[in-house]
Amino acid sequence: MKLSKKWLNEYVDLPGEVSLRQFADTMAMAGFCVGGVDEPGEGIEKVVVGKLLKIEGHPTKPKYYVCQVDVGDRILQQVTAAPNLKEGALCPVCLPGGKVKGGHEGGMVIGSAEFDGVKSEGMMCSLPELGLTVSDFPYGIENGIFFIEEPCEVGQDIKGALGLDDMIYDMEITANRPDAQSVIGISREVAAAFDKPFRGHTPAVKAGAGQIEALVDVKVEAPVLCPRYTARAITNVKIGPSPKWLRERVKAGGMRPINNIVDITNYIMMEYGQPMHAFDIREIAPAGGRGHIVVRQAGEGVNFTALDRQERAIPPETLMICNAHEPIGIAGIMGGLQSGIKPDTRTVVFESANFHYAGLRRSGRKLGLHTDALARYEKGISAQMTAEAVDRACELCELLGCADVLDGTIDVDSTGYTERVIKLEPEKINKLCGTDISREEMVKYLSRLGFSVEGDDVHVPAHRADCEGMADLSEEIVRLYGLNNVPSRLHEGAAQGKYSQSQLFERAVMRTLAGFGFFEAVTYTFISPKYYDKIRRPENCPLRNSVVILNPLGEDTSILRTTTLPSMCEVLAKNYNNRNMKARLFEMGKVFLPNADSEKLPDERIVVTVGMYGECGFYDAKGAAESLCKALRVAAPTFEALRDDPSYHSGRCAKIYVGGKPAGIVGELHPAVLENYGIGEAACVVTLDLATLYENRLPDPLYTPLPKYPAVTRDIALVCDDALEVARIEEVLKEVCGGLLEQCKLFDVFRGGNLGKDKKSVAFSLVLRDRAATLTDETVGRLLGEALDILERKYGCTLRA
C-alpha cells in the first residue's frame, strides 16, 4: 500500500528528527515493513518558480523567442521555441547547473548555451520534464511550458510549490490486516508504534437538499453475500477537475486523478480502506421517477459490460448491483460501462457497502478481474465503517463546493454486530511469550492500539476483526513491547523438529549429484501444452493428460507437467544458446499425474532429472545413474533397451529398473527434439523416480574382513546376436555364479571379421572367490560350463574360437 508522508502527518505528529531508517525499523518491529520509498521530486535539482517578464523574437531564428525570467534573486535570459508563452505568468525554471526528471533533458545537467549569438541560461520546464502529466495539472499541456495557476512565490523551490516534496512509503500489509490497507489504519499503527496521539476525524455533513428516500430505495436479496449496504445522494453536481491537494493525494495512492466525484470515491478508499462507487441516478432510474437499487445474484445467462469495456459472461452466483430492470455493476469489483460519472451528471448516489470476502474472491477469479476495490474486500474489511465513509464523501463534496447533499442515509444492515470482548490474562500472556510485562504496561499498549480495557475485559474495536482470543492479544502487546526485548530461548519440551528419512534421502541425492559436478536447475511445475509437441509426444500419449490450471498466468503456464523432460530440455537449450560449451545439470522436481477419479487430487511424484551435453554420450548418462545408485546404497539398476520412445534416439535409450520396478529412462535425445530446442549437439537426459530409489535402499553396510583365500580370474569371449543386450549375459553369469562372482567386467566388443552378419563378440573379465575355502579350477569350470549352456539355449551364445 502507498502511504504519503504528508497525508500521514494529518493524523500523527511524528518528530522531525525521525529518519527514514528509524521509521522503517520501528514499523518493521510493529509488523509493517516498508518495502520501498518513492520521492516524487527525486531527480529534480535547482528548479524554482519563475515569472516570465518579457518576450521578444530571436533576431535570426524566426521560431525562437528570447525571454526575460525573474527567478527571485536575479533575472535570467532564456531562449525557447515553446509556442504557449504568456508574459506575467509563473512557470518552473531550471537554473544553470540544475536537473530535471523527464523529457529530452531528463537526468542531464542544464547549463548555459548560445543560440546563434544569443545567450540562454537554464530553461523553462514542461510537465513531462518534472515527471508530471495533465492528470496532475489538468490546466497544463503536455507539449509546451507549464504555467502555474496555484498561488506560489517567485524563487520558491518547485518541489514545495507543486507538492513534489512528499515521500511515499510502500507499506507491506499482511493478509490478516485489511484495516491497515488505508491511511487511517496505518496512521493508527504509526501512532501506536511511536506512542503519539492519533488525530481521528468525524465527518460533519450539513445536507438539506431533500430526502434520499424520495430519490431511491435499496433492496438486498442476498444478505449473506452483502451484510451491509449504505447509500447517500448528492445533487446539483458540478463535474470538474479536483483541487490540487486532492489530486496529490490520489496520485500518492498510486491512482490517476480523473474528476472531482471519482477522485472523492478513490480518496475515501485510500483514506478509510472502504471501496465506494458513484452511480449516476439516470442508471438507477432509467425511466425517470424514483430509482431502485437491488443487490442480488446474477442468475443464469447474464452478459455484462464493465467499465473496462469488456463484455463477460457472468457466473450465476456472482453478486450484482442492479436497478429495477438490469445489472449496473459487479458488486465490489467494477461498475457497469454506463454507470460511471459523465460530464453532464447532475445527481449521484454514493454506494458504500460491505460484501462477503470469500464470495467476492471467487467471483473475481472466475471473471479474471482484480481491482483495487476487490483487493480490499477479499481480505475481509469491517462492515462497521460504511456509514462513516459515505458521510466523509458527502463532507468532501460540500468542502469542494461541487454538490449539494441530500438529507438521510439508506443503511441496510444485517450484520448483527456486537462488540467482541476478550479476557485479559497477564500471567498466561507472559507464559506464552516468555516475557515479564506488568498488567499496567499491557493495558497501556492495548490502549495505544485503540482497544479499551474495563477490569479484565478487553473491548476489541470493530476494525480489528483479526483479534479473536488471548493469543491475538499477546501478539498485539508483544509487538509494541518490542520483539527485540523478548529473550531468545528454546521451547521447553521433548519434541524437536527434524528431517524425516525420506527428506534426508532427498538431500543426499542433491548433495551426491552436486559432488559429481552437476549444477542444480529449478524450473516451474506448470508448463505450456506445446511443450509436449516439442518432445514429439503423439496426440494419444497418456502424458498429455495434464491437470489444467483454472487461473493460469498465461497459455505458457496453463497446465501441470506430467514429465520433467521438457523442462530440462528448456534449461539445456538456454545454456547452449548462451554458448556454454558443456552443461551438467540436475533438478529435483515434481510431476503431477491425474487420478482416474477427477474429484481426487493428482498424484504428485518427485523426479530426479539429469541433463548433459558436450563431450558426453549415452554411456556417460548411464554411468551417472549407476554411480548415483551406488553412492546412495540403492539396489544396482538394470537396463532394458527402449526403441519406441519418440523423445529419444531409438538406438541409444533404455528403461531403468531398480529392485525389479520401473524407475526411469536414460537416453540420448532424438535429433528432431534437439532441433526443436535449438541444441546443436548430442544431449542426454536421465529421469529417476525418487520414491522408487528410496524404496530400494540397501541395508547399512557391515564390516567384512579381508579375504583369506585367493581369487580366480577368467576371461571369456562369446559370440552372440548383435541385437542381444550385454546386460542379459551379465544377468546369467551373476545368477549361476552367485556370491562367488566378485566382478564381471566387459572389456571388449568386436564386430566383423569372420563372425558373420549381425553377430558380435563380447569379452568379459571375471573374478571369482570363495571366502570360506580355496576355489578350485574344477569348481570354476563347472560354473562357467553351466552358464555357457544356459546362454547357448536361451540366447544362442557360443564361445569364440
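Whatever comes next refers back to the structure up there.
Our subject in this report is the structure included herewith. (Residues numbered from 1 in each chain as written. Predicted model: local features only at pLDDT ≥ 70, side-chain atom pairs only at ≥ 80, totals over all residues. Heavy atoms only, no water.)

## Re the pairing of strand 6 (residues 90-99)
- The element strand 6 is largely enclosed, with a buried count of 7 among its 10 residues.
- Note: strand 3 (residues 45-57) against strand 6, 6 bridges, orientation antiparallel. In the strand pairing of strand 6, Glu45 is matched with Lys99.
- Taken together, the 2 bridges between strand 6 and strand 10 (residues 123-124) define a ladder with antiparallel strand orientation. Looking at strand 10, one finds that Val93 is bridged to Met124.
- Here 2 bridges tie strand 6 to strand 7 (residues 109-110), and the two strands are oriented antiparallel to one another. (Buried < 20%, exposed > 50% of the residue type's maximum accessible area, 1.4 Å probe, protein only. Helix = DSSP H or I, 4+ residues; strand = E, 2+ residues; numbered from the N terminus. Pairing = 2+ DSSP bridges.)

## Description of the environment of Phe137
- By the secondary structure assignment, Phe137 is in the loop between strand 10 and helix 3 (158-162).
- With 105 residues separating them in the primary sequence, Phe137 and Ser242 have C-alpha atoms 9.4 Å apart.
- Among residues more than four places away in sequence, those in contact with Phe137 are Leu127, Leu132, Phe146, Glu150, Leu162, Lys244 and Arg247. (Contact = heavy atoms within 4.5 Å.)

## What about the packing of aromatic side chains?
- The final tally for this structure, using the stated rule, is 14 aromatic pairs.
- Between Phe23 and Phe194, the ring centres sit 6.1 Å apart and the planes meet at 10 degrees, which makes this aromatic pair stacked. Here Phe23 is found in helix 2 (residues 20-29), whereas its partner Phe194 is found in the loop between helix 4 (183-193) and strand 12 (216-220), with 171 residues between them in sequence. Note on accessibility: Phe23 and Phe194 belong to one class, buried.
- Ring plane angle 20 degrees and centroid distance 5.8 Å describe the contact between Tyr139 and Phe146, whose orientation is recorded as stacked.
- Members of the aromatic cluster, each reached through a chain of ring pairs, are Trp7, Trp245 and Tyr267.
- Its end group placed over the ring of Tyr64, Lys61 keeps NZ or CZ at 5.8 Å from the ring centre.
- For Arg697, the ring lying beneath its charged end belongs to Tyr694, and the centroid distance is 3.7 Å. (Phe/Tyr/Trp six-rings, centres within 6.5 Å; stacked < 30°, edge-to-face > 60°. Lys NZ or Arg CZ within 6 Å of the ring centre and 35° of its normal.)

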